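# Commentary on secondary and tertiary structure
So you can see what is in the structure, the chains are spelled out below.
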Amino acid sequence: MFRAPAIFVSHGAPTFALEPGLLGSRLTELGERLASATAIAVVSPHWQTCGIRVTGAAWPSTMHDFGGFPAPLYSLTYPAPGSASLASEVAALLIDGGFVAMVDTERGLDHGAWVPLRYLRPDADTPVIQVSMPHNLDTRGALRLGRVLAGLRDRGIVVMGSGSLTHNLHEVRRDGDVAAYARDFAGWVRKAVTAGDVDALLDYRTNAPSALRAHPTEEHYLPLLVAVGAAMDDVPMAIDGGITYGVLSMDCFAWGVA
């Protein structure tokens, strides 16, 4: 049985769907290694709930959960199938792991899921389920969530955390001038991930340079810990995505990629 990778993807701004930049082709190259995957389970910060919910629609809709962006964005769709049976299995797995979880048959895929998936699996031929983030999730809870989901990988199911390695929207720069703090924070994370220093990643608020400035709120950082938890003992591969809008690091990581 194909053992699927664990992945952390920086999904950046919604405009990433139209502007592939440095990362788009690199995600497509990574996605070619996922052709044998039976499904993809995505955790995104754009779906936060009381407890955990899992999408159970047969054909999840493409949610345009943003405003004020170019009109072409709102016509994009990602028509990947879902899986009601897998959603039920994942909810049961989460409950067994100590989480409160249920299936949501109405929810579609938010842009944190479908935007990077357009590059990873452009043919939308792999079933996708999305797993919500609890409102009260912290770094240790995110790591535990990833560890509970890790068993899916042995069934050929990719576990993907989608967030942003840096995420301070108050400092977005249209001129593209890269903020030193964003570069420094992203570099620190890369060193910690490649060294397997989970404790440093968990306590990044204390350990990382400019942590509060890089993440005024931490919902876009937590999916990294989900991926780290799902990675088990696999060796990470870093994917350089550059920095968009001066402050949004697009770096990604993959574990268990052949």
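Relevant structure appears above.
Residues numbered from 1 in each chain as written. Predicted model: local features only at pLDDT ≥ 70, side-chain atom pairs only at ≥ 80, totals over all residues. Heavy atoms only, no water.

## Overview of unusual backbone geometry
Unusually for a residue other than glycine, Ala-124 sits at a positive phi of about 50°. Among the structural elements, Ala-124 can be located in the loop between helix H3 (111-120) and strand S5 (128-134). (Helix = DSSP H or I, 4+ residues; strand = E, 2+ residues; numbered from the N terminus.)

## A closer look at the pattern of salt bridges
Side chains that differ in sign of charge can pair as their charged atoms come close. In the structure shown here, the tally under the stated rule is eleven salt bridges. Ionic pairing is found between Asp-234 and Arg-3, a salt bridge with its closest N-O pair at 3.6 Å. Note that Asp-234 is positioned in the loop between helix H9 (222-231) and strand S7 (236-239) and Arg-3 in the segment before strand S1 (6-10), a separation of 231 residues in sequence. Note on Asp-234: relative accessible area 21%, which makes it partly exposed. Residue class for Arg-3 comes out partly exposed when judged on its relative accessible area of 36%. Across the salt bridge formed by Glu-89 and Arg-155, the nearest N and O atoms sit 2.5 Å from each other. Taken together, the residues span a long stretch of sequence, with Glu-89 in helix H2 (residues 84-96) and Arg-155 in the loop between helix H4 (139-149) and strand S6 (157-163) at a distance of 66 residues. (Salt bridge = Lys/Arg side-chain N within 4 Å of Asp/Glu carboxyl O. Buried < 20%, exposed > 50% of the residue type's maximum accessible area, 1.4 Å probe, protein only.)

## Describing the packing of aromatic side chains
For the structure shown, the criterion picks out eight aromatic pairs. When the centroid spacing of 6.4 Å and the interplanar angle of 65° are considered together, the rings of Phe-185 and Tyr-221 count as edge-to-face. Taken together, the residues span a long stretch of sequence, with Phe-185 in helix H5 (residues 180-194) and Tyr-221 in the loop between helix H8 (211-214) and H9 at a distance of 36 residues. For the pair shown, Phe-185 and Tyr-221 are each scored as buried. Relative to Trp-255, the ring of Phe-253 lies with its centre 6.2 Å away and its plane at 40°, an arrangement referred to as tilted. For Phe-253, a relative accessible area of 1% gives the class buried. Among the aromatic residues, those joined into a cluster by ring pairs are Phe-185, Trp-188, Tyr-204 and Tyr-221. (Phe/Tyr/Trp six-rings, centres within 6.5 Å; stacked < 30°, edge-to-face > 60°.)

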